[in-house]
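Each chain, letter by letter, is given below.
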Amino acid sequence: MKIAILYFSGTGNTYYVAKEFEDQFQQLGFQCDLFRLEDGNLTSETISTYDLIGFGAPVYGSSFPHIVKTKIKSLQGHQSCFTFVTQMMFSGDGAAYLGRLIQKQGFQSRYQIHINMPNNITDISWLTRKHPPYEVIAKRVHRKVAFLIHRIQTNRPYRLGSNPFSLMLGLLQRFPYEHFDQQSMANLIKIDAKSCIQCMRCIELCPVHNLDFEENQVMTRGHCEVCYRCLNHCPTKAIRIVGRKAPKHPYHGPTANFQIDILKK
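Here goes a summary of the coordinates provided. (Residues numbered from 1 in each chain as written. Predicted model: local features only at pLDDT ≥ 70, side-chain atom pairs only at ≥ 80, totals over all residues. Heavy atoms only, no water.)

Things to note about the sheet that holds strand 1 (residues 2–7)
And then number 1: Here six strands make up an open sheet; going across it, the order is 2-1-3-4-5-6 and the pairing parallel. Where the open sheet ends on each side, the last strands, each with one partner, are strand 2 (31–36) and strand 6 (158–159).
And then number 2: Note that strand 4 (residues 80–87) and strand 5 (residues 108–116) share eight bridges and pair parallel. Each residue of the ladder has a partner; that of Phe84, found in strand 5, is Ile113.
And then number 3: Sitting on the sheet, helix 1 (residues 13–27) is in contact with strand 1, strand 2, strand 3 (52–58), strand 4 and strand 5, with an inclination near 140° to strand 4. (Pairing = 2+ DSSP bridges. Helix = DSSP H or I, 4+ residues; strand = E, 2+ residues; numbered from the N terminus. Contact = heavy atoms within 4.5 Å. Axes fitted to C-alpha atoms, helices over the stretch in contact; angles between N-to-C directions.)

Right, dumping it as structure tokens:
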């Protein structure tokens, strides 16, 4: 069986889970390949030879970044699929909603799971919390991934978030989020020119090329995905997205030595 895992990850959480799926599938003797959803070369033809497709994304208000929804709409397929979403606390029907999106493109969503990961929204004080030890994160992810793979191997569908209660919780979050002015969301990012040292790190890291250097300052192009990658890796904490204060404890990834540059490869 050939498996393709398509994912989007802002600060490493979803990538970490996708990599765990890849590692466990390969340990079982299956071919498994990772693809970034923001990759312009990713097409329906790219994944047409795979038997099983995985879709992974972070949850934003029980919805997903625009790039995830836009890319899914560009893909067509018929394969059996699994969806996994990374979340801070709960998303209601997050994985099920992702499953519904891919089913509209012809895929068969049979397996869906939520995986709690550390919060990367670090410029809002009341959301900032100490994340669990790295070994706790690793055990949780390994256990949940192994569980879903076992369900896949034994052909036992698992559709977490598909019950009416989860749907209601999802709608309560998704309706206001998706009806929020898209232009306002895209222009949330602000850069403190006094703190910025023009190292260009944020421009280099942005997954959607939203940042550029013009008129001797870093400028936004107005299509931010609110992934928090730039904010958490700015060396002088010069970037704000939702909050007004610099993050006290930037989130650098789900492992002690996580290298954010791996998300660009």
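Quick look at the pattern of salt bridges
And then number 1: Taken as a whole and assessed by the stated rule, the structure comprises ten salt bridges.
And then number 2: Salt-bridge contacts for Glu38 lead to Arg36; the nearest nitrogen and oxygen are separated by 3.4 Å. Across the pair, exposure class does not vary: Glu38 and Arg36 are buried alike.
And then number 3: Among the salt bridges present, the one from Asp261 reaches Lys264, with a minimum N-O distance of 3.3 Å.
And then number 4: Several salt bridges converge on common partners, so that one network encompasses Arg201, Glu204, Asp261 and Lys264. (Salt bridge = Lys/Arg side-chain N within 4 Å of Asp/Glu carboxyl O. Buried < 20%, exposed > 50% of the residue type's maximum accessible area, 1.4 Å probe, protein only.)

Digging into the side chain of Thr86
And then number 1: On the secondary structure map, Thr86 appears in strand 4.
And then number 2: The class of Thr86 is buried, set by a relative accessible area of 5%.

Considerations on helix 2 (residues 66–73)
And then number 1: Burial in helix 2 covers these residues: Ile67, Val68, Lys69, Lys71 and Ile72.
And then number 2: Buried residues along helix 2 sit against strand 3, helix 3 (94–103) and helix 5 (164–178).

What to know about the packing of aromatic side chains
For any pair of aromatic rings, geometry is given as the distance between the ring centres together with the angle between the planes.
And then number 1: With the rule as written, the count across this model stands at 13 aromatic pairs.
And then number 2: With 5.4 Å between their ring centres and 65° between their planes, Phe55 and Phe107 make a pair best called edge-to-face. Residue Phe55 is found in strand 3, and its partner Phe107 is found in the loop between helix 3 and strand 5; the two are separated by 52 residues along the sequence. Per residue, the accessibility class of Phe55 equals that of Phe107, and both read buried.
And then number 3: Here the aromatic cluster, defined as three or more aromatic residues joined through ring pairs, consists of Phe21, Phe25, Phe30, Phe82 and Phe84.
And then number 4: When the ring centre of Tyr50 is taken as reference, the NZ or CZ atom of Lys2 above it lies at 4.8 Å.
And then number 5: In this structure, Arg174 is placed above the aromatic ring of Tyr97, and the distance from its NZ or CZ to the ring centre is 4.1 Å. (Phe/Tyr/Trp six-rings, centres within 6.5 Å; stacked < 30°, edge-to-face > 60°. Lys NZ or Arg CZ within 6 Å of the ring centre and 35° of its normal.)

A few points about the pairing of strand 5
And then number 1: One crossover worth recording links strand 4 to the parallel strand 5 by way of helix 3, and it is right-handed.
And then number 2: Sheet topology note: the strand 5/strand 6 ladder contains two bridges and is parallel. The residue of strand 6 that forms the bridge with Gln112 is Arg159. (Right-handed = clockwise from strand over helix to strand, strands pointing away.)

Quick word on unusual backbone geometry
And then number 1: Even without glycine at this site, Ser62 takes up a positive phi of about 60°.
And then number 2: Inspection of the secondary structure assignment puts Ser62 in the loop between strand 3 and helix 2.
And then number 3: For Met200, which is not a glycine, the phi torsion comes out positive at approximately 70°.
And then number 4: Inspection of the secondary structure assignment puts Met200 in the loop between strand 7 (190–191) and helix 7 (201–205).
And then number 5: Judged by its relative accessible area of 28%, Met200 is partly exposed.

Some details on the packing of helix 1 against helix 4 (residues 134–153)
Relative placement of two packed helices is described by the angle separating their axes and the distance separating the axes.
And then number 1: Contact geometry of helix 1 with helix 4 gives a least axis separation of 10 Å together with a crossing angle of 55°. Here helix 1 is positioned oblique relative to helix 4, judged by the angle of their axes. Relative to helix 4, helix 1 is oriented so that their crossing is right-handed. The residues of helix 4 that touch helix 1, namely those facing Tyr16, Val17, Glu20, Phe21, Gln24 and Phe25, are Ile137, Ala138, Val141, His142, Val145, Ala146, Leu148, Ile149 and Ile152.
And then number 2: Of the residues assigned to the contact of helix 1 with helix 4, the class counts are twelve nonpolar, two polar and one charged. (Parallel < 35°, antiparallel > 145°, perpendicular 65-115°, else oblique. Left-handed = near helix turned anticlockwise from the far one by under 90°. Nonpolar A, V, L, I, M, F, W, Y, C, P; charged D, E, K, R; others polar.)

Geometric descriptors of this kind do not, in isolation, establish any biological role.
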